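Residue-level structural notes
What follows is the residue order along each chain.
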Amino acid sequence: MKPYASEISPAFVNAFRRDTPLSQEEFEIVLGKFRREYVPRKFLYVREGQVTDHKTYINKGCVRYFTIDDKGREHTTVFAFEDWWIGDIESYITGNPGIINIQAIEDCEFLCVSKADFEDLKDQLPALKRYEDSKRQRNFFATIQHLSEVKTLSPEQRYLKLIESHPTVFQRVPLQYIASYLDIEPQSLSRLRKRLSQK
């Protein structure tokens, strides 16, 4: 289903009109290549072993990234909310099967564009290539920071940073996934929250 400008997040418009920037006519060309996709809560949108061949923007909803270890245990690594681009970046770039899973935590509305269509758009609109390069660089820096936090911060410190960056996370994300993100048991998370609330 094709999206209409009136139905999409202003942040999506700004990503192209402000950050690129594109003219209104050029933006309409870009928007015409996207399709709207509805994904129900708990749906596994990206599965390990699949090839990511499209870009996906979260217009509404939130998702979690997770991996599965050799014992079958899930490890949540990222929560993504509105105005995030999601997908297995390495798989998108290389064309190889991906190693991550992405699951909808809420009913979601995505805006998607195929890799082939986006490459065509970059040929037509060189500003898009600069935008993608900049976004890829920001994603790289964010990944490095996230890995550093995982290695150096305690679960309590990571909990506090999560609350600071996403104040509504406990209203939107089940406790079991937040505990997985913090690499602690749900019972430990409950005790942590209780202890911090008493400070």
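Everything below is about the structure printed above this text.
Residues numbered from 1 in each chain as written. Predicted model: local features only at pLDDT ≥ 70, side-chain atom pairs only at ≥ 80, totals over all residues. Heavy atoms only, no water.

Another point: the pattern of salt bridges. Within this structure, the stated rule accounts for eleven salt bridges. A salt bridge links E132 to K122; the shortest N-O distance between them is 2.5 Å. Of this pair, E132 sits in helix 5 (residues 126-152) while K122 sits in helix 4 (residues 115-124), and the two are ten residues apart along the sequence. Taking the shortest distance from any N to any O, the salt bridge between K129 and D133 comes out at 3.1 Å. (Salt bridge = Lys/Arg side-chain N within 4 Å of Asp/Glu carboxyl O. Helix = DSSP H or I, 4+ residues; strand = E, 2+ residues; numbered from the N terminus.)

As a further point, take the packing of helix 6 (residues 155-165) against helix 8 (residues 175-182). One can describe the packing of helix 6 onto helix 8 by two numbers: an axis separation of 9 Å at closest approach and a directional angle of 125°. Viewed along their axes, helix 6 and helix 8 adopt a mutual orientation that is oblique. Relative to helix 8, the crossing made by helix 6 is right-handed. Contacts between helix 6 and helix 8 involve P155, R158, Y159 and L162 from the first element and I178, Y181 and L182 from the second. Counted by class, the contact of helix 6 with helix 8 contains six nonpolar, no polar and one charged residues. (Axes fitted to C-alpha atoms, helices over the stretch in contact; angles between N-to-C directions. Parallel < 35°, antiparallel > 145°, perpendicular 65-115°, else oblique. Left-handed = near helix turned anticlockwise from the far one by under 90°. Contact = heavy atoms within 4.5 Å. Nonpolar A, V, L, I, M, F, W, Y, C, P; charged D, E, K, R; others polar.)

Strands sit in the order 2-7-4-5 across an open sheet of four strands; the sheet is antiparallel. Across the chains shown, the open sheet's two edge strands, defined by having one partner strand only, are strand 2 (44-46) and strand 5 (74-80). Mean inter-strand twist for the sheet, computed between neighbouring axes without regard to direction, equals 35°. Relative to strand 5, strand 4 (residues 63-68) runs antiparallel, the two being bridged by six bridges. Residue Y65 lies in a different strand from strand 5, and its bridge partner there is V78. (Pairing = 2+ DSSP bridges.)

Now for the packing of aromatic side chains. Tallied over the full model, the rule gives nine aromatic pairs. For the pair F12 and F34, a centre-to-centre distance of 5.2 Å together with 85° between the ring planes defines the contact as edge-to-face. Within this pair, whereas F12 is found in helix 1 (residues 10-17), its partner F34 is found in the loop between helix 2 (24-31) and strand 1 (35-39), the two being separated by 22 residues in sequence. Note on accessibility: F12 and F34 belong to one class, buried. Relative to W85, the ring of F12 lies with its centre 6.2 Å away and its plane at 40°, an arrangement referred to as tilted. In this pair, F12 is assigned in helix 1 and W85 in strand 6 (residues 85-86), connecting sequence segments 73 residues apart. A relative accessible area of 19% places W85 in the buried class. An aromatic cluster is present here, built from F12, F27, F34, Y57 and W85 joined pairwise through their rings. In this structure, R64 packs its charged tip against the face of Y177, placed 3.9 Å from the ring centre. (Phe/Tyr/Trp six-rings, centres within 6.5 Å; stacked < 30°, edge-to-face > 60°. Buried < 20%, exposed > 50% of the residue type's maximum accessible area, 1.4 Å probe, protein only. Lys NZ or Arg CZ within 6 Å of the ring centre and 35° of its normal.)

The buried fraction of helix 8 amounts to six of the eight residues, a majority that puts the element mostly inside the structure. The complete set of buried residues in helix 8 reads Y177, I178, A179, S180, Y181 and L182. Of the residues flanking the end of helix 8, it is D183, one or two places downstream, whose phi is positive at about 60°.

Moving on, we come to the state of the cysteines. Summed over all chains, the structure comprises zero disulfides. Summary of cysteine pairing: C108 is not part of a disulfide, and the nearest cysteine sulfur, belonging to C62, is at 6.2 Å. Distance from the sulfur of C112, which forms no disulfide, to the nearest cysteine sulfur (C108) is 11 Å. (Disulfide = S-S within 2.5 Å.)

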